[in-house]
Amino acid sequence: MAATTEHLRHEAESPAERLRTNRLGLWLFIASESFLFAALISARYYLLGTERSEHLNQPLGFLISLVLLTSSLFAYRAETAARFGDQRGFRRATATTIALGLLFMVGVVLEWREGLAFFPPSTLYGSAFFTLVGFHAFHVFTGIVALALLLWAGRDGRFGPENHWPVEGVIKYWHFVDVAWVFIFPTLYLVK
Amino acid sequence: MAQAETYERRRGAMALGTAVFIGLIVLDTIEFVVARFADQLLLWMTLLALPQAGLILWFYMHVRQLWREEGH
């Protein structure tokens, strides 16, 4: 019964209305995630002020920032390609985004290895650092999984001008991960 | 005719994406350099991070779709 009602509701909704509802839902999800990141960033300043470890590898942090920003460019290109029906361009740009996401994760692992030696999670700074970077890295990981599923689902060319919401949704999430890093990078690596 | 128009629109969208990317890289680099030399870093970092987030939200995430009617 409930399934039938749901089916009828979807039948009554036009594709434009459905797209609008989907977008609103995703933006609300992104807003709720933003509050989580904001709370963690606030906790860092509340606990430590602007103090930071002298052992942080700032060039590595900068490098992985550039990698993540570049991944956002390719994510944008993947979405644009799908919107214009360029299947090859979509697959290539999505695969490049995944590769850059993985490269970012390698950078995080390298930074964690250094961090564990100089400011372990038992210290105040280590606690803030590993929580914030770990929480963000988890989002990058889920973004990579979502992009990989998107690439797999789009292998038969199903995404195009008439059906690009799945691409748009995943890519928006990826960009959000980038926005979060834009604030995390200075918070952990630069401010003092 | 329509095909040429679509091609132009796509080229324009790709060029915009690249321009935004260059802006992001420049801001990120300035942020990194400023952090090495300036005081009052919290203020500087906030001033440099906000436009980066704004560029991504506006051009890459199309936040304006929330209040605009058209599909894309």
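Residues numbered from 1 in each chain as written. Chains lettered and ligands numbered in written order. Predicted model: local features only at pLDDT ≥ 70, side-chain atom pairs only at ≥ 80, totals over all residues. Heavy atoms only, no water.

J.: What should I look at first to understand unusual backbone geometry in this one?
T.: Leaving glycine aside, a negative phi is the common case for residues, and trans is the common case for peptide bonds. One non-glycine residue, B:His62, lies in positive phi territory at about 50°. Checked against the element boundaries, B:His62 lands in the segment after α2 (41–60). (Helix = DSSP H or I, 4+ residues; strand = E, 2+ residues; numbered from the N terminus.)

J.: Explanation requested: the pattern of salt bridges in the structure shown.
T.: Pairing between side chains of opposite charge can happen when the charged atoms of each approach one another. Going through the model one piece at a time under the given rule, you end up with five salt bridges over all chains. For the salt bridge of A:Arg158 with A:Asp156, the shortest nitrogen-to-oxygen distance reads 3.6 Å. On the basis of relative accessibility, which here comes to 55%, the residue A:Asp156 falls in the exposed class. The closest approach of N and O atoms between B:Arg11 and B:Glu8, which form a salt bridge, is 3.8 Å. Remark: B:Glu8 and B:Arg11 occur in helix α1 (residues 2–37); sequence separation between them is three residues, near one turn of the helix. Three or more residues joined by partner-sharing salt bridges are found here, namely A:Arg23, A:Glu168 and A:Lys172. (Salt bridge = Lys/Arg side-chain N within 4 Å of Asp/Glu carboxyl O. Buried < 20%, exposed > 50% of the residue type's maximum accessible area, 1.4 Å probe, protein only.)

J.: Is there a simple way to explain the environment of B:Ala15 in this structure?
T.: Relative to the elements of secondary structure, B:Ala15 occurs in helix α1. A relative accessible area of 46% places B:Ala15 in the partly exposed class.

J.: Just to check I follow, could you spell out the packing of aromatic side chains for this structure?
T.: The geometry of an aromatic ring pair comes down to the distance between the two centres and the angle between the two planes. Residues and elements named next belong to chain A. Taken as a whole and judged by the stated rule, the model has 18 aromatic pairs over all chains. On the numbers, 5.8 Å between centres and 75° between planes, the contact of Phe 90 with Phe 159 is edge-to-face. Here Phe 159 lies in the loop between α5 (124–153) and α6 (165–190) and Phe 90 lies in helix α4 (residues 87–118), a separation of 69 residues in the sequence. Neither residue differs from the other here; Phe 90 and Phe 159 are each classed as buried. Summarising the aromatic geometry, the rings of Phe 119 and Tyr 125 are spaced 5.2 Å apart at their centres and angled 90° between planes, so their arrangement reads as edge-to-face. Cluster of aromatic residues (ring-pair linked, three or more members): Phe 104, Trp 112, Phe 119, Tyr 125, Phe 129, Phe 130, Trp 181, Phe 185 and Tyr 189. Against the face of Tyr 45 rests Arg 44, its NZ or CZ located 5.1 Å from the ring centre. A cation over an aromatic ring shows up here: Arg 155 above the ring of Trp 152, its NZ or CZ 4.2 Å from the ring centre. (Phe/Tyr/Trp six-rings, centres within 6.5 Å; stacked < 30°, edge-to-face > 60°. Lys NZ or Arg CZ within 6 Å of the ring centre and 35° of its normal.)

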